[in-house]
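# Notes for the structure review
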Amino acid sequence: GVSLRVKGDGQRYKINIKTKFNENMPEFTYQAAFDTVADDWTTISLPFSSFLAVVKGNEMRSAPPLSPADITSMSLIFSRFEFNGLPNLNAKPGPFSLALESIQAFRDPRPLLVHMSTGGVERNARILTEEDRKNCVMPIVQLNPGGALNWKYAGETAVRNSGLPYTVVRSAGLVSLDLDKDFLLQANQGDTTVGKVSRGEVAEVLAAALGDPAALGKTFEVRRGDEETIEEQQNMRRMFLGLARDSQRGMLEIPPFPAPGPPMGMPDDSRKQEILKDDRVQESLKRGDGGRVRDAADAPADTEKVTNQRVGA
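Here goes a summary of the coordinates provided. (Residues numbered from 1 in each chain as written. Predicted model: local features only at pLDDT ≥ 70, side-chain atom pairs only at ≥ 80, totals over all residues. Heavy atoms only, no water.)

## Here we look at the overall build of the protein chain
Scanning the protein chain for helices and strands turns up eight helices and 16 strands. Within the protein chain, the proportion of its 313 residues that are buried is 42%. A sequence separation of at least 24 residues applies to 74% of the contacts in the protein chain between residues at least 6 apart. Here the protein chain has roughly 17000 Å² of accessible surface; of this, 52% comes from carbon and sulfur atoms. (Helix = DSSP H or I, 4+ residues; strand = E, 2+ residues; numbered from the N terminus. Buried < 20%, exposed > 50% of the residue type's maximum accessible area, 1.4 Å probe, protein only. Contact = heavy atoms within 4.5 Å. Areas by Shrake-Rupley, 256 points an atom, 1.4 Å probe, with all protein chains shown as cover.)

Shown next as structure tokens:
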């Protein structure tokens with residue numbers, strides 16, 4: 001993006017950028033707005049993605065996004081308008097003052113490690129009693145085959161504590177339904193939702209997170225929402241921007257991460273069969289979706305024997 005070191009008068013200004021694409025179009029520019037602090041030097045950082053293509057201040061949605069490699073010039077302006085004819089509420093008639101000390105490009109860090117996990121791991125880590133587990137709405141958490149959710153959560157925790165720039169993506173229940181349709185994906189935090197998502201859709205999120213600073217340092221769940229429409233298309237960056245960094249979860253009233261711990265053990269046979277009769281599990285079995293419930297030979301020593309069946313998340 002563009003970083004400015006400015007001393008203003010408390011009013012709101014704009015920066016215009018011209019590129020090879022529009023340098024010969026006088027009214028067409030890429031524009032972003034920023035606020036100043038009266039009589040104080042401040043550093044303003046504006047991502048290139050925040051610049052709108054405008055003609056006379058009106059958004060031009062058909063224009064291509066700003067290409068940083070094609071920038072030819074920049075300018076600062078003071079306007080009584082924001083965008084699309086709406087007023088700049090932080091502008092006053094009369095004299096104005098904006099001093100510029102420096103202007104330079106910057107590059108935010110991007111995730112070097114993108115880790116795929118699964119929904120249910122955090123809520124499983126909050127379970128303290130058998131009653132807690134029985135009251136959980138997710139069959140996979142009620143079963144927790146082989147203690148898999150505990151080990152996956154321990155893996156997440158290791159990633160978050162690694163010191164590497166990371167993103168943790170938790171998939172909803174993986175399905176093979178409606179692969180010919182395009183869905184708007186939803187991202188949530190705190191592990192409080194359930195849903196479905198395809199493997200291809202999760203792969204798209206993982207790939208997008210690798211190249212986007214907005215995904216850095218965030219843990220979130222992803223699931224399908226409504227189908228895409230002409231008016232509403234998937235915007236991965238906007239989805240990432242709506243999430244809190246793990247260090248700032250409290251700002252969105254998301255509880256802190258629980259400490260990882262060992263599995264509680266498997267439910268007894270009667271309870272297990274009750275869970276396996278759940279309609280959601282049966283539907284998952286019929287579709288061939290879901291994860292395998294391990295035999296005792298595959299499970300840690302402190303878990304009880306379970307049957308070799310497939311269970312829906």
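Alright, that's what it looks like, and here's the rest.
## Observations regarding the sheet that holds strand β6 (residues 58-59)
Here five strands make up an open sheet; going across it, the order is β6-β5-β3-β2-β7 and the pairing antiparallel. Sheet topology places β6 and β7 (71-77) at the edges, where each strand pairs with a single neighbour. Where strand β3 (residues 28-35) and strand β5 (residues 52-55) come together, four bridges link them in antiparallel fashion. Within β5, the residue paired with Q31 across the bridge is L52. (Pairing = 2+ DSSP bridges.)

## Points about the sheet that holds strand β1 (residues 2-7)
As summarised here, the arrangement of the three strands in space is β4-β1-β8, forming an open sheet in which the pairing is antiparallel. Only two strands of the sheet have a single partner each, and these edge strands are β4 (41-46) and β8 (99-105). On average, each strand axis in the sheet is inclined to that of its neighbour by 15°, with strand direction left out of account. As paired elements, β1 and β8 share six bridges and run antiparallel to each other. Paired with V6 across the two strands is L100, which belongs to β8. (Axes fitted to C-alpha atoms, helices over the stretch in contact; angles between N-to-C directions.)

## Focus: the layout of surface pockets
Here the largest pocket defines a volume of roughly 1000 Å³. Contributions of two or more residues to the lining of the largest pocket are made by β5, β12 (183-188), β14 (218-227) and α6 (236-241). The leading source of residues in the lining of the largest pocket is α6, at four residues. (1 Å grid on protein atoms, 1.4 Å probe; cavity = no way out; pocket = protein on both sides within 12 Å on 5 of 7 lines; lining within 4 Å. Points joined across faces, edges and corners; volume = space filled by probe spheres on them.)

## As for the pattern of salt bridges
Taken as a whole and judged by the stated rule, the model has 15 salt bridges. One salt bridge connects R170 with E156, and the closest N-O pair in it is separated by 2.8 Å. A residue pair is termed long-range when its members are at least 10 positions apart, and R170 in strand β10 (residues 166-171) and E156 in helix α4 (residues 148-160) qualify at 14 residues. For the pair R170 and E156, a shared accessibility class is recorded, and that class is buried. (Salt bridge = Lys/Arg side-chain N within 4 Å of Asp/Glu carboxyl O.)

## Concerning a nonpolar patch on the surface
There is a patch of nonpolar side chains on the surface, built from M74, L76, L100 and I103 and spanning about 310 Å² of accessible area. When you line up the elements, M74 lands in strand β7. (Patch = residues over 30% accessible without salt bridge, like charges linked within 9 Å, V, L, I, M, F, W, Y side chains within 5 Å.)

## What to know about empty space enclosed by the protein
Scanning the model with the defined rule gives one cavity of 30 Å³ or more in all. As a volume, the largest cavity reaches approximately 120 Å³. A per-element tally of the lining of the largest cavity places β14 first, with three residues. A per-class count over the lining of the largest cavity returns five nonpolar, seven polar and two charged. (Nonpolar A, V, L, I, M, F, W, Y, C, P; charged D, E, K, R; others polar.)

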